[in-house]
Amino acid sequence: MAAHLKKRVYEEFSKVVQQPQEEIATKKLRLTKPSKSAALHIDLCKATSPADALQYLLQFARKPVEAESVEGVVRILLEHYYKENDPSVRLKIASLLGLLSKTAGFSPDCIMDDAINILQNEKSHQVLAQLLDTLLAIGTKLPENQAVQMRLVDVACKHLTDTSHGVRNKCLQLLGNLGSLEKSVTKDAEGLAARDVQKIIGDYFSDQDPRVRTAAIKAMLQLHERGLKLHQTIYNQACKLLSDDYEQVRSAAVQLIWVVSQLYPESIVPIPSSNEEIRLVDDAFGKICHMVSDGSWVVRVQAAKLLRKRTAHERAKELYSSGEFSSGRKWGDDAPKEEVDTGAVNLIESGACGAFVHGLEDEMYEVRIAAVEALCMLAQSSPSFAEKCLDFLVDMFNDEIEEVRLQSIHTMRKISNNITLREDQLDTVLAVLEDSSRDIREALHELLCCTNVSTKEGIHLALVELLKNLAKYPTDRDSIWKCLKFLGSRHPTLVLPLVPELLSTHPFFDTAEPDMDDPAYIAVLVLIFNAAKTCPTMPALFSDHTFRHYAYLRDSLSHLVPALRLPGRKLVSSAVSPNITPQEDPSQQFLQQSLERVYSLQHLDPQGAQELLEFTIRDLQRLGELQSELAGVADFSAAYLRCQLLLIKALQEKLWNVAAPLYLRQSDLASAAAKQIMEETYKMEFMYSGVENKQVVIIHHMRLQAKALQLIVTARTTRGVDPLFGMCEKFLQEVDFFQRCFIADLPHMQDSFVDKLLDLMPRLMTSKPAEVVKILQTMLRQSTFLHLPLPEQIHKASATIIEPAGESDNPLRFTSGLVVALDVDATLEHVQDPQSTVKVQVLYPDGQAQMIHPKPADFRNPGPGRHRLITQVYLSHTAWTEPCQVEVRLLLAYNSNARIPKFSWIEGGEVSPQVETSIEGTIPFSKPVKVYIMPKPARR
Amino acid sequence: MPEIRVTPLGAGQDVGRSCILVSIAGKNVMLDCGMHMGFSDDRRFPDFSYITQSGRLTDFLDCVIISHFHLDHCGALPYFSEMVGYDGPIYMTHPTQAICPILLEDYRKIAVDKKGEANFFTSQMIKDCMKKVVAVHLHQTVQVDDELEIKAYYAGHVLGAAMFQIKVGSESVVYTGDYNMTPDRHLGAAWIDKCRPNLLITESTYATTIRDSKRCRERDFLKKVHETVERGGKVLIPVFALGRAQELCILLETFWERMNLKVPIYFSTGLTEKANHYYKLFITWTNQKIRKTFVQRNMFEFKHIKAFDRAFADNPGPMVVFATPGMLHAGQSLQIFRKWAGNEKNMVIMPGYCVQGTVGHKILSGQRKLEMEGRQVLEVKMQVEYMSFSAHADAKGIMQLVGQAEPESVLLVHGEAKKMEFLKQKIEQEFRVDCYMPANGETVVLPTSPSIPGGISLGLLKREMAQGLLPEAKRPRLLHGTLIMKDSNFRLVSSEQALKELGLAEHQLRFTCRVHLHDTRKEQETAMRVYSHLKSILKDHCVQHLPDGSVTVESILIQAAAPSEDPATKVLLVSWTYQDEELGSYLTSLLKKGLPQAPS
């Protein structure tokens, strides 16, 4: 097969495929591709001017080159390179060489000599830089080859003295990426005396060009990333660069300082202008703090980010106890004691907070966000720091940019385990509940869920504010109830004294029974019931109707109201649902057993096989319903078995036994089965998160079988041979494609359909369609059932539309022809990359369907694996006489290309050959919601 | 020796009437032209007679620069240009140019109409004065004349405030005006690049203060206002029409909206409306948030803040009033203050700095009984609060700016002497630069060593390059050439080219020197010994022994001769051209030490 597809370098290159008439004459299928290098050679020879040549090269670059023909192409390019006078063409050739050497499966060491050779004679700086880039590509492709690396480093060192910054940049990059890690390389490299790469790079810290300085620092960081231990002397050099004139240099230098400080935290450095000494890590921290007040915001962001990355745990404490770093403290020490009349002398108690105060008050919100994040990381590692920074964080809740507010609320939530809010802080926090942004409010609810409150007044205040919020924004209902649930269960003792007041019970008089449907009342009850769970004395304070309401809410809102141990009320205490206690092992075992049973399928007769599959599918489905944590695996396996079942059924059809022309009608079932299998396979591939490559192979294999089935059915039901040609060819191409994509997995697929198919491929290629179909049919029957390995973690993507709820009887009225905005709020679970895959579909009663792509900003990510889509969908229609329902649902879009390993070096997104076989489609993955709408004719 | 001279006419160890004269490379520039709030006699304006006793000021000044529109920086401008007489250019930014005349007019009205002063500038004078203004953009380099150029940097503080770099050749001075290093609700922070001026003239209002978090202050402010209003009290916030007022308005406006408060907020009319108009207009000068959101809603279009009418002051119930001027020294704020001072439920919040002598300063320093005009005594029962919302850089901010600009020396103005002294020490300690703090009328002289650019001919440079390695930053290198000064520019060329250009013939200049050596051997042998000796020492040079018995080192000729009188002594004749002076003199000193004892 491979031999068939292999291209010969100087083969004739006219496109045979383009002349189908001839093909019909021969009735043979041939897959031919033109030779890349030959075409290029001819093109380049034809080129009359450099511009022409450049055009040819650009065109050439749009198409990929297979690994086997790379070398030929490279030779042609090099040959042309020597002849070419125009630097721009040479530049393009150089860049092509780089791209080509990245081709997978091509070993570029054979072109290295040539590349170095042409480098020596090159005069143009730009081309030189490009050539060095090419060498870099070659060098990174051959990481094991020490000699090559040494040689390239040598070349780089030679060109470091070039006058062009571009060339020097590239040289430094080369050094950073390839500079030897160990000085003592084997003896064979003696001639190229091992160089001290760090020293060489370090020398360029003082280059006259800022771009080169930046490149030098970056190269140094690159060395570090590759595992080379940087010398401590670099620290001093880098410190000098902190006061560089150029922001990119400073920004990189800050990074370098951080890196070195992590390498040598305990070394001692002297403090200039005094004879004291401090540890290097402290010194570096001080310097980074200082950079938070740099003149350029790029540097400020970088510095603030690095503050966060400090991993050294115990240092966080010193942040506020020792004041070395920020000059703020130095000031505090010797500020004049005189009282300035304004009384405004308010020194910041802790020096490090100085850096943070700066960061938090920065003009650019990017810096502020970075500072908040830094604060978060440090607070998480040190509870005492968390307490200190609380005030600053609370202050950030009033920031003018919503993003910053949101970020600080999230930060607060993350550290809330360590802290207890004071009443005044709680006050400030709660004030934000009135914010008009839904995100802010919901983030705040989540924060309150895990906040510790110190007093009962605090709880009361929180409740009052939340109820106010509820009154103002009724849509927050669910979120507020959830928040109160946690608030109650966290603070039972604080809620207890509030109960009479909250339920407005009176010692002597019966009070009116509150309205059971009032969301505010429900909110209060949720708080109380959750507190009562751990506080057995509380139910004594309830009045009769409270118990009744409890029973009602326990049923209707069971996720919010816990089971209470109420005296003398059996009804309530026994209501413990069986599925709360998961017994993992038995069900897991059950799943395994039923799956194993299935793999004995091969030995059963078709009837038995069908029955076994049906039973197993039923079992799996039931298991999935009962055990939510196994639902993903169970559904996934069930889907696969269903495919197999369909396949078996289709092959059992009588249609195969009778002469073709008679079975036009009955073939329905088989082709429907093929279609359904295809659908199932797409669902399996794209609706589950955590599907690995080995599953994808199996799925694709199943799909291939379905396609074969389709082909056979079509062959049986259509007359004439002509349309079959195309189909056969396409199918064979797909087989070819399958082989190319999953070549590594083929050995695991012994005796499978594709395995047999590939054996017969040479024969198939030359056969007539009828013959092909015949072969396929027998193979399909003989092939074995492939075992589907289960992935570690698999979850089915699902979506629930919260809003619109679909309950309303009032139609949404709007003037026909104009648009009406419909708010859609949905939660998505286990959807990867929802921004690009999730779509909203609107189905009108007349069958018209509309697909809407939500904006990326409409997706929020409240937790791992969870997404929230809050968007507006615009509806419009011509006038109706009656209000009618439209259906809104969410779709998961897929592209069969997405999972296929890409061939490298496709420049600029030009169509690659695979795209021909790619299929795009959508899978509905939420229950549709009906919305009542009424477009009215416009009034004149 | 070139020098920079700086003389503050105002704002030297003082706050108010900023006016600083700078002479730089023969150019005279006046920075700011302000008035003093604390005085109402001659002392309120700078003493312009210092510049010249007679004759037009135009002849003595190259330009005037106004940093921002506060009256203590521009209040004396019409007096200076129209009454004293100045016709040269006046530079300011666009917002300053727009707002300045409004404030001047307001100031004139108070002085003339309320206080009845005579001999004050008129409205027409303000207009004439503004006609001389040249507006500049941020970071735009403006050529005042062939040599003098100025450039504006963003300074925060108030709308349109700018720092100015004044540059002549390679000498430069940066004047900060008033600036703010922390951004606030409506303006960004001051920023300057690393321009390394010879002198940085910076304000130092808060020389000893390091402020706490701005957000804290905002929260306190809102809390105080909220509490007073809830108690049913009235809140008076004296502000200047522009600047802080807008910041506080935005603050209160958003707070009111968030807390859904209904208590009225008033802003004294007239100025405010015009001012807000300009704030809406110059949106590019405000901070990131306002710039980004103004498409949806311009932050300066207030919903809750209404115009104030004099009659409202007597209305019952709580209210918040912003009134001008900010130091309670005159005008509406003082009137309202008088009305409300007696009630302890009320509150006055001073959001900024108060100059000595104003009512604001008095009540802040704790005075409870004030003597008003007409000998009546006003007892102050209302609460007096100070909230530092003044948008000046604090000590840390000043240090930060010095760090950013990296000046060679610093000069402090616009602050109190005692505090300046402290900051001066700090700056000298931290940056190791000279720091000055002249009083009014005192001149600071700063010697400078300007670098003079010179050209070098390509031929010469290439020859040098070909000779040796690439230039190294750390090591100086010697280069021979001829410096030609012609039409005040300098060129370094090779001597041949210089000769050619000047039409001169080349003269050969040779130095000869005799060195006496004690040597009994023959001349040839001596020469031979000299040769081997030099050969062993000067390894880098080309040492040759010529057939005629002489020795050459490069182009230096050494001949040995035996003087007839003393055969035991040999005379070595060393001769070299002046180009080889270095090597020649080295050789002579080497030979004078004598030859090593040869193994005989």
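Residues numbered from 1 in each chain as written. Chains lettered and ligands numbered in written order. Predicted model: local features only at pLDDT ≥ 70, side-chain atom pairs only at ≥ 80, totals over all residues. Heavy atoms only, no water.

Pulling in residues and values, what's your account of the overall build of chain A?
Each helix and strand in chain A was counted, giving 41 helices and 16 strands. By residue count, 52% of the 940 residues in chain A fall in the buried class. When contacts within chain A are restricted to residue pairs at least 6 apart in sequence, long-range pairs at least 24 apart make up 73% of them. (Helix = DSSP H or I, 4+ residues; strand = E, 2+ residues; numbered from the N terminus. Buried < 20%, exposed > 50% of the residue type's maximum accessible area, 1.4 Å probe, protein only. Contact = heavy atoms within 4.5 Å.)

Just give me the short version of the pattern of salt bridges, but keep the residues and values in it.
If you walk through the whole model with that rule in mind, you get 50 salt bridges over all chains. The salt bridge involving Glu 442 of chain A is made with Arg 868 of chain A; its shortest N-O contact spans 2.6 Å. Remark: Arg 868 of chain A occurs in strand E13 (residues 866-875) and Glu 442 of chain A occurs in helix H24 (residues 438-449); sequence separation between them is 426 residues. Arg 868 of chain A matches Glu 442 of chain A in its accessibility class, with the two residues each being buried. A salt bridge links Glu 428 of chain B to Lys 424 of chain B, with the nearest nitrogen and oxygen atoms 3.9 Å apart. Note that Glu 428 of chain B and Lys 424 of chain B are positioned in helix H12 (residues 417-431) at a spacing of 4 residues, about one turn of the helix. Among the charged side chains, a salt-bridge network with shared partners connects Asp 245 of chain A together with Lys 194, Arg 196 and Glu 406 of chain B. (Salt bridge = Lys/Arg side-chain N within 4 Å of Asp/Glu carboxyl O.)

Requested: an account of the sheet that holds strand E9 (residues 820-829) of chain A, with residues and values cited.
Residues and elements named next belong to chain A. Taken together, 4 strands build an open sheet; the order of strands is E7-E9-E13-E12 and the sheet is antiparallel. Two strands close off the open sheet at either side, each with one partner strand: strand E7 (798-803) and strand E12 (859-863). Neighbouring strand axes in the sheet, compared pairwise and without regard to direction, differ in orientation by 25° on average. In the packing of H24 onto the sheet, the strands contacted are E7, E9, E12 and E13, and the crossing angle to E13 comes to about 155°. (Pairing = 2+ DSSP bridges. Axes fitted to C-alpha atoms, helices over the stretch in contact; angles between N-to-C directions.)

Could you give an account of the packing of helix H7 (residues 109-121) of chain A against helix H9 (residues 146-159) of chain A, naming the residues involved and the relevant values?
Residues and elements named next belong to chain A. Interhelical geometry of H7 versus H9 gives an angle of 10° and a closest axis separation of 12 Å. With respect to H9, the element H7 is oriented roughly parallel. Residues Met 112, Asp 113, Ile 116 and Leu 119 of H7 touch H9, and the partners they reach there are Val 148, Arg 151, Leu 152, Val 155 and His 159. (Parallel < 35°, antiparallel > 145°, perpendicular 65-115°, else oblique.)

Kindly report on the nonpolar core, identifying the contributing residues and their values.
Of all hydrophobic cores here, the largest spans 175 residues; its most connected members are Leu 135, Leu 172, Leu 175, Ile 201, Leu 256 and Met 412 of chain A. Per element, the largest residue contribution to this core is 11 residues, and it comes from helix H29 (residues 519-532) of chain A. Once you skip the residues sitting within four places of it in the chain, Ile 201 of chain A turns out to touch Leu 172, Leu 175, Gly 176, Ala 216, Ala 219, Met 220 and Leu 223 of chain A. Counting 161 residues, the second largest nonpolar core, distinct from the first, contains Leu 77, Val 142, Val 174 and Tyr 386 of chain B. (Core = buried A, V, L, I, M, F, W, Y, C linked by side-chain atoms within 4.5 Å.)

Tell me what's going on with a positive patch on the surface, and back it up with residues and numbers.
All names here are of chain B. Taken together, the side chains of Lys 109, Lys 114, Lys 274 and Arg 310 present a region of like positive charge at the surface. Tracing the sequence through the fold places Arg 310 in the loop between strand E14 (305-308) and strand E15 (319-323). For Arg 310, a relative accessible area of 57% puts it in the exposed group. (Patch = residues over 30% accessible without salt bridge, like charges linked within 9 Å, V, L, I, M, F, W, Y side chains within 5 Å. Areas by Shrake-Rupley, 256 points an atom, 1.4 Å probe, with all protein chains shown as cover. Lys, Arg positive; Asp, Glu negative; His and termini not counted. Charge placed at Lys NZ, Arg CZ, Asp CG, Glu CD.)

Give me the lowdown on helix H8 (residues 125-141) of chain A, citing residues and values where you can.
With 17 residues, H8 of chain A ought to run about 24 Å at 1.5 Å a step, and its terminal C-alpha atoms sit 24 Å apart, in line with that. The N-terminus of H8 of chain A is capped by Ser 124 of chain A, whose side-chain oxygen sits 3.4 Å from the backbone nitrogen of Gln 126 of chain A. (Expected span 1.5 Å × (residues − 1). Polar contact = N/O pair within 3.5 Å; in protein donor to acceptor, adjacent residues only side chain to side chain.)

So what's going on with the confidence of the model for chain B? Which residues, and what values?
Where the model shows low pLDDT, its predicted coordinates should not be examined in detail. Of all residues in chain B, 96% have pLDDT values of 70 or greater, and the mean over the chain is 85. Interface confidence for the predicted complex, expressed as ipTM, amounts to 0.71; the pTM equals 0.68. (pLDDT = per-residue confidence, 0-100.)

How would you explain the packing of helix H26 (residues 477-490) of chain A against H29 of chain A if you had to name every residue and give the values?
The geometry of a pair of packed helices is captured by two quantities: the angle between their axes and the separation between those axes. Residues and elements named next belong to chain A. Here H26 crosses H29 at 25°, and the two axes come no closer than 7 Å. Between H26 and H29, the interaxial angle falls into the category roughly parallel. Considering only the axes of H26 and H29, their crossing is right-handed. Residues Arg 477, Trp 481, Leu 484, Lys 485, Leu 487, Gly 488 and Ser 489 of H26 form the contact with H29, whose participating residues are Pro 519, Ile 522, Ala 523, Val 526, Leu 527, Asn 530 and Ala 531. Within the contact of H26 with H29, the residues separate by chemical class into 9 nonpolar, 3 polar and 2 charged. (Left-handed = near helix turned anticlockwise from the far one by under 90°. Nonpolar A, V, L, I, M, F, W, Y, C, P; charged D, E, K, R; others polar.)

Outline unusual backbone geometry, supporting the account with residue identities and numerical values.
All names here are of chain B. Its identity as a non-glycine residue notwithstanding, Gln 13 has a phi of 50°, on the positive side. Tracing the backbone shows Gln 13 in the loop between strand E1 (3-10) and strand E2 (19-24). Unusually for a residue other than glycine, Ala 25 sits at a positive phi of about 45°. Tracing the backbone through its elements, the reader meets Ala 25 in the loop between E2 and strand E3 (27-31).

Kindly report on the pairing of strand E11 (residues 199-203) of chain B, identifying the contributing residues and their values.
Residues and elements named next belong to chain B. Most of E11 sits out of view: 5 of its 5 residues are buried. On E11, burial covers both faces: Leu 199, Ile 201 and Glu 203 on one face and Leu 200 and Thr 202 on the other are all buried. Across 3 bridges, the pairing between strand E10 (residues 171-175) and E11 is parallel. Paired with Val 173 across the two strands is Leu 199, which belongs to E11. Sheet analysis places E11 next to strand E20 (residues 409-413), joined by 5 bridges and oriented parallel.

Give a description of the environment of Arg 554 of chain A that names residues and reports values.
Residues and elements named next belong to chain A. Checked against the element boundaries, Arg 554 lands in helix H30 (residues 544-556). Remark: the alpha-carbon pair of Arg 554 and Leu 564, spanning 10 residues in sequence, is separated by 9.3 Å. A polar side-chain atom of Arg 554 sits 2.8 Å from the main-chain carbonyl oxygen of Val 561.

Which residues make up a nonpolar patch on the surface, and what values do they have?
A surface patch of nonpolar side chains, about 410 Å² in accessible area, is lined by Ile 456, Leu 458, Leu 461, Met 465 and Leu 479 of chain B. By secondary structure assignment, the location of Ile 456 of chain B is in strand E23 (residues 454-456).

A description of the packing of aromatic side chains should follow, citing residues and the corresponding values.
The full count for this structure, using the stated rule, is 26 aromatic pairs over all chains. Where Phe 529 of chain A meets Tyr 550 of chain A, the ring centres are 5.0 Å apart and the plane angle is 75°; that geometry is what we call edge-to-face. Separated by 21 residues along the polypeptide, Phe 529 of chain A in helix H29 and Tyr 550 of chain A in helix H30 bring together distant segments of the chain. With relative accessibility at 0%, the residue Phe 529 of chain A sits in the buried group. Counting every residue linked through ring pairs, the aromatic cluster contains Phe 45, Phe 48, Tyr 79, Phe 80, Tyr 86, Tyr 107, Phe 120 and Phe 121 of chain B. The ring of Phe 486 of chain A carries the charged tip of Lys 485 of chain A above its face, separated from the ring centre by 5.3 Å. Sitting over the face of the ring of Tyr 682 of chain A, Arg 703 of chain A holds its NZ or CZ atom 3.9 Å from the ring centroid. (Phe/Tyr/Trp six-rings, centres within 6.5 Å; stacked < 30°, edge-to-face > 60°. Lys NZ or Arg CZ within 6 Å of the ring centre and 35° of its normal.)

Report on the side chain of Glu 122 of chain A, specifying residues and quantitative values.
All names here are of chain A. Turning to its location among the elements, Glu 122 is positioned in the loop between H7 and H8. A polar side-chain atom of Glu 122 sits 2.5 Å from a polar atom in the side chain of Tyr 81. One polar contact links the side chain of Glu 122 to the main-chain amide nitrogen of Ser 124, over a distance of 3.1 Å.

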